[in-house]
Amino acid sequence: MITIQKYVRAKSLEEAYQLNQSKRNRIVGGMLWMRLGRGSVATAIDLCDLGLDTIEETEEQFSIGAMVSLRQLELHEGLNAYTGGAVKNAVKDIVGVQFRNMATVGGSIWGRFGFSDVLTVFLAMDAYVELYKGGVIPLEQFAARKKDTDILVRLIVKKTPGAFVYTALRNQRTDFPVIACAVSQLGGEYRAVIGARPAKAMVIRDEQGLLAQGITPDSAEAFAGFVAERTPTDSNVRASAAYRSHLIRVLTARATTELGGI
Amino acid sequence: MEQREYKVVGKSFRKKDSMQLLLGKPVYVDDVTPKDALVVKILRSPHANAIVQEINTKAARFVPGVVDIYTWEDVPQTRFAIAGQTYPEPSPYDRLILDRHVRFAGDAVAIIAAETEKAALKAMKLIKVKYEVLEAVLDYHTALDNPILVHPEEDWEPPCEVGGTNKRNLVASGLDAEGDVEAVLADCDIVLDRTFHTKAFQQAMMEPFTAYAELDRYGRLHLISSTQIVFHTRRILSRALGIPKSRIRVEKPRIGGGFGAKQTAVCDVYPAFVTLKTGRPSRITYTREEAQIAGSPRHEMEIRVRLGANRDGKIRVLDLYTLSNSGAYGEHGPTTVGLSGHKSIPLYTGSLEAYRFGYDVVYTNLQAAGAYRGYGATQGIFAVESVVNELAETLGMDPTVIRDQNMVKEGMVMPAYYGETANACALDRCMAHCRQMFGWEEKYPVRDMGNGKVRSAGVAMAMQGSCISNVDVGSATVKLSEDGTYNLMIGAADMGTGCDTILAQMVAEMMDCRFDDVAVFGADTDASPYDSGSYASSTTYITGKAVEKACTQLKANICAIAAEMLDCAPEAVVLESGRVCNIDTHQTVSLTDISYKAQVGNCIPAEATATHSSPVSPPPYMVGMVEIELDKRTGLVTILDYMAVVDCGIPINPALARIQTEGGIVQGIGHTLMENVTYDSHGRPVESSFMQYKIPTRLDMGTLKVEFEHSYEPTGPFGAKSIGEIVINTPAPAIAHAIARATGVWHRELPITPEKVAMSLVEE
Amino acid sequence: MEIKLTLNDKAITGHIEADTVLLDFLRAQGCYSVKRGCDTSNCGLCTVLLDGKPILSCSMLAARADGHSVQTLEGLQEEAAEFVGFLADQGADQCGFCNPGFVMNTIALLRENPDPTDGEIRAFLAGNLCRCSGYDGQLRGIRSYLNSRKG
């Protein structure tokens, strides 16, 4: 487990930001992943007093504070109504209720973890992150960036009309996914997001218009084949690259047909 | 079947400790031992096979709070085994407390004693070790006669002859056969020749290995350990530390699960050594990672089965060869392997004309294996039951019917089971009962559920033993208290199984008293009568019989005291309902009066100790059936229902027997579908945490249903046999069967992950 | 550093290091019901309530509990005693090492959802591992408690 010399509850984002400029300091999210490291942290910066633990819903968007727990996502009626339960489906099998009470949206998104169900599901949406210095940028752009010393303040999900389906396969019900798969239709645009490849989630858009004429069992299969071809996979202890590629095809096809209401 | 009416036996009493446990009272090693004990930590080798050339602890010793650090130069040089087995142990003496030659990634290199965990961990990082890294034996197929020897040392010593030699990396070897196997095989209509592979599954008991040591008020070493084997641990420590047994006391409080892991003294020697060296109390608590990489898991086995049968389904011959991987040390290696044949082949006593069972157990530079519930039978039964299922499918026969034709039945002599007779055997009734309860006729046909999903069913039988015959010894002391209540003292170890409770039920039955009037104490080498310990499914059967005997003796003693009080012959009185009555005069004396009398001018003990051992080990039997839903495209297998019927003789406490069964089934489901063991290039298990080693959650096991078919075992207490181990044996073959029914593919290696299922179909 | 919190309804002050986890702090306070079963937030044995919500005390900095309310099984004996007897009747306690975390999370479940279905019970308690019981006995125990409440 990591060692920590000093613990500070930031009184402002500015204070947190200043502290975070030192490489030896770290912002703590749920502490679930970070504590497993073996390194040493000079100052652990806690954002828990900054009121970032709420989900604000307006006509246009959901504004999800960095300290919102995965359990809050799971239980949020508005978010699950908008996503057709996709958010709940994405988080409900993550370890257990206690874990989800602790794991934060900020920690999950900031970490850009390969196994992340959370990053996978939100990449299927019209989503943005608000960075303290960097301002609001698309989540997809953020996911591609390297970690820096900025602070993730909020996740913003625009209520762009759309539909979402989330599915994953796990060797054991509360394990990391072998493949995580979100498929969405946003303002007429179809995309699939594949996580746990096992590398970081990738967004694959329907560039060839395979679903342009509507979702049928055949077009769904075609789209799934396209997504599987475009998504590099690798092997780890949970599965081989070949099986992952196979699963991407199966899960994407199923999620797409479900999206099409077939 | 003999069926008697009992007042207390056969009833589902709550466990004696249940409310303490459920309300979170401090009852485990870490709760009941002083907080300021020294923290003991082990520096472990990163290499699978290496010699410690230099070890520099100077900088580490400067860490504030570090009390001492020990290396191979500091420890006694007598080799020992940490397997909890009766002397002379079948396990070789191949360990030192710290050895210059480290033999697996995780082997102990140095012992650190510090005031705090933080100081110990800091010191661990500062110990500088220079290793001469040697080539390692990581593939157990290549271990035998490999030029690289895991144990090249000259002082390697087997206390028993088990056919092993360290010069060949051979822990044990053997052969048992009856009849002309090759001739019968040649005469069979069908011969199946199949090879199976099971892995080094972890017990994953919730409380990791932990032990505390102190010097008691006499300056003796007092160990409080989470152990199934207090007496064996005392003997092991005595040899390892070179001190007499009279200077050692080993005690267990409540145990947070064992499943055989704690039938090996995995961590006890470390705090014992530290306390002897420093004179201070010390405690070691393994992290989950240590429990996973330096614990005592199941023996990995490869089992080749040749089965010969006639077209009508008569199983005529079984030929097994087991290659068992003992890892870096030999604990339980020579014995676990035996069960892979001796507790699988006899299931088909009904028809077998010949059998052969050969085995080799080899050393490798991997984590040492040990005892795990099922103890080799689990591996063997996966192989044999899978082959029988394949036979049935090949012949187009119902696999339950083929078993009806061939299975062992009551009264049969079992040549492959040491010639024992199945005195109590309801296996046939278990099959009929389970078939009916499960709805086999409806669930056996494969059903297409649409969208690539199919439902199917599988079946398996199992057996185990009820002790190690002619070896295990159980004892019990029963004492009368002044108010007519009783104390039961045992050396067996309740590890959550409920043995304290079921043995108290036996006392209450025998002494004709209330269950609540029996207090249980165990286990402590100073205070308990000798017991081999709780393993080999033996506590109900062996220690239970000792309880029965002790109560018989105590009754006689009580009657003798009462007879003096009533001034009559002991034969003229009987003990019933808390008093002794003269059957002629109807004069009575209360137990209270008797026990007070026992304390005044009395030479007849108001207590009795009895010891029991058994020349036979009556097998319990079981049938398990599973219904799964299998997704042919993702390969995901979902357990819908698991139903089982068990013959454990007479269940002493049906609720506890049921929970034992359910727990064993779910462990078996874990091994079959999700618990994996893979190694990195150093031979270190990748699944070194619960993040990677995935045991079933309550979402992974479907719905369970367990019922019993009684038989009456004449040599057991109240007709009981055993329950603890057999229950883990049916899931692997039954689930593999259901998967084969659904997909047409027989999986012969565990675990059967979604990937294996899906890719076996893609490749076709 | 110093923290002030409410532990089992009592205001206490504790002295900790910055990286002390809540589990170790609670055991040092004599709350021995809180158990460590893994180091990776996977087993649920260390479950306590933080401001009424179940969390894993192995993974939470004690410093984070400053200003909050923590409850362990030591502080909820009566609420637990209402239903744990039903688990005892099933023999589902077994080795007992997972019991405190399991009981704490069951308390959280029943506060949030007083009449859960079997599926809801399984889902809520999925993060509480048990290696002994096979889980069904625990479910039966909770079910028989719920049935008893309905009379």
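Residues numbered from 1 in each chain as written. Chains lettered and ligands numbered in written order. Predicted model: local features only at pLDDT ≥ 70, side-chain atom pairs only at ≥ 80, totals over all residues. Heavy atoms only, no water.

A. Spotlight on the overall build of chain A. On a plain count of helices and strands, chain A comes out with 10 helices and 12 strands. Compactness check: chain A gives a C-alpha radius of gyration of 18 Å against a globular reference of 18 Å for 262 residues, within 12% of the reference. Dimensions along the principal axes, computed over C-alpha positions, put chain A at roughly 60 × 45 × 30 Å. Relative to its 262 residues, chain A shows a buried fraction of 58%. For chain A, restricting intrachain contacts to residue pairs at least 6 apart in sequence, the fraction spanning at least 24 positions comes to 59%. (Helix = DSSP H or I, 4+ residues; strand = E, 2+ residues; numbered from the N terminus. Rg over C-alpha atoms; globule rule 2.2 N^0.38 Å. Buried < 20%, exposed > 50% of the residue type's maximum accessible area, 1.4 Å probe, protein only. Contact = heavy atoms within 4.5 Å.)

B. Local environment of the side chain of Asn8 of chain C. Residue and element names in this part refer to chain C. In this structure, Asn8 sits in the loop between strand E1 (2-7) and strand E2 (10-15). You can call Asn8 buried: its relative accessible area is 17%. Among the polar contacts made by the side chain of Asn8, one reaches the main-chain amide nitrogen of Thr72 at a distance of 2.8 Å. When residues no more than four places from it in sequence are discounted, the contact partners of Asn8 are Cys31, Val70, Gln71, Thr72, Glu74 and Gly75. (Polar contact = N/O pair within 3.5 Å; in protein donor to acceptor, adjacent residues only side chain to side chain.)

C. How the structure looks around the packing of aromatic side chains. Residues and elements named next belong to chain A. Overall, the coordinates contain 23 aromatic pairs over all chains when judged by the stated rule. Judged by centre distance (4.9 Å) and plane angle (55 degrees), the rings of Trp33 and Phe115 are tilted. Of the two residues, Trp33 is situated in the loop between strand E2 (26-28) and strand E3 (40-46) and Phe115 in the loop between helix H6 (105-111) and helix H7 (117-123); the sequence distance between them amounts to 82 residues. Members of the aromatic cluster, joined through ring pairs, are Trp33, Phe113, Phe115 and Phe176. The ring centre of Trp110 lies 5.0 Å from the NZ or CZ of Arg112, which sits over that ring. If you follow Lys133 out to its NZ or CZ, it ends over the ring of Tyr17, 5.0 Å from the centre. (Phe/Tyr/Trp six-rings, centres within 6.5 Å; stacked < 30°, edge-to-face > 60°. Lys NZ or Arg CZ within 6 Å of the ring centre and 35° of its normal.)

D. Local environment of the interface of chain A and chain B. Contacts between the two partners involve 23 residues from chain A and, on the opposite side, 25 residues from chain B. Summing both sides of the interface, chain A and chain B together bury roughly 2100 Å²; the carbon and sulfur share of this comes to 55%. When the shortest N-O distance is used, the salt bridge between Glu289 of chain B and Arg38 of chain A registers 3.7 Å. Our count for the contact surface shared by chain A and chain B stands at 10 residue pairs in polar contact (both at pLDDT 80 or more). Considering only residue class, the side of chain A that touches chain B consists of 11 nonpolar, 5 polar and 7 charged. (Buried area = accessible area lost by both parts, 1.4 Å probe. Salt bridge = Lys/Arg side-chain N within 4 Å of Asp/Glu carboxyl O. Nonpolar A, V, L, I, M, F, W, Y, C, P; charged D, E, K, R; others polar.)

E. How the structure looks around the domain arrangement of chain C. Residue and element names in this part refer to chain C. One can read the domain layout of chain C as domain 1 (2-74) and domain 2 (76-150). Taken over C-alpha atoms, the centre of domain 1 sits 21 Å from the centre of domain 2. Note on domain 1 versus domain 2: buried area summed over both sides is about 1300 Å², and carbon and sulfur give 65% of it. Ranking the residues of domain 1 by area buried against domain 2 places Leu45, Leu49 and Leu73 at the top, with a combined share of 40%. Here domain 1 and domain 2 share 0 salt bridges between them. In this structure, the connection of domain 1 to domain 2 is made through 6 residue pairs in polar contact (both at pLDDT 80 or more). For the side of domain 1 that touches domain 2, the element with the highest residue contribution is strand E3 (residues 47-50), accounting for 3 residues. (Domains from an automatic or database assignment.)

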